[in-house]
Amino acid sequence: MSFVILSPCIGEKAGECAEVCPVDCIEEGDDQYFINPDICIDCGACQGVCPVDAIVEEYEMSKEDEPFLKKAEAFFGID
């Protein structure tokens, strides 16, 4: 499991999450930040600093949120 960045990040892109990530798994995309699920160590540091509460654990996502995980996987080229 990993963390996923959802819609509140779109257009906001505050960036605190990327600054605190100990494994540098968060990268800035065109409209939002993305967490690489293959690198994320599930530490939760990003979730605690997100000013718009856009970060959730993968198992907490609703069906409506699933496209954000797919979007992150596509961003990082993960099948």
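Note that this is a predicted model, so its numbers are computed, not measured.

This paragraph deals with unusual backbone geometry. Even without a glycine there, the phi angle at lysine 13 is positive, about 40°. Residue position: lysine 13 is located in the loop between strand 1 (3–5) and helix 1 (16–20). Taking the relative accessible area as the measure of exposure, lysine 13 reaches 23% and is therefore partly exposed. Unusually for a residue other than glycine, aspartate 42 sits at a positive phi of about 60°. Assignment of secondary structure puts aspartate 42 in the loop between strand 3 (33–35) and helix 2 (45–49).

So, on to the side chain of serine 2. Along the chain, the position of serine 2 falls in the segment before strand 1. Apart from residues no more than four positions distant in its own chain, serine 2 is found in contact with Pro37, Cys40, Asp42, Val56, Glu57 and Glu58.

A few words now on the packing of aromatic side chains. Scanning the entire structure with this criterion turns up two aromatic pairs. With a centroid separation of 4.6 Å and an interplanar angle of 25°, the aromatic rings of phenylalanine 34 and phenylalanine 75 are classed as stacked. Here the residue phenylalanine 34 occupies a position in strand 3, and phenylalanine 75 occupies one in helix 3 (residues 66–76), the gap between them amounting to 41 residues. The buried category is assigned to phenylalanine 34, whose relative accessible area is 5%.

With respect to the helices, strands and loops of the structure, asparagine 36 is situated in the loop between strand 3 and helix 2. Within the local environment of asparagine 36, its side chain forms a polar contact with the backbone nitrogen of aspartate 38, the two atoms lying 2.9 Å apart. In this view, asparagine 36 contacts Cys25, Phe76 and Ile78; residues no more than four positions away in its chain are not counted.

The rules we used
- Residues numbered from 1 in each chain as written.
- Predicted model: local features only at pLDDT ≥ 70, side-chain atom pairs only at ≥ 80, totals over all residues.
- Heavy atoms only, no water.
- Helix = DSSP H or I, 4+ residues; strand = E, 2+ residues; numbered from the N terminus.
- Buried < 20%, exposed > 50% of the residue type's maximum accessible area, 1.4 Å probe, protein only.
- Contact = heavy atoms within 4.5 Å.
- Phe/Tyr/Trp six-rings, centres within 6.5 Å; stacked < 30°, edge-to-face > 60°.
- Polar contact = N/O pair within 3.5 Å; in protein donor to acceptor, adjacent residues only side chain to side chain.

What is shown is where atoms sit, not what they do.
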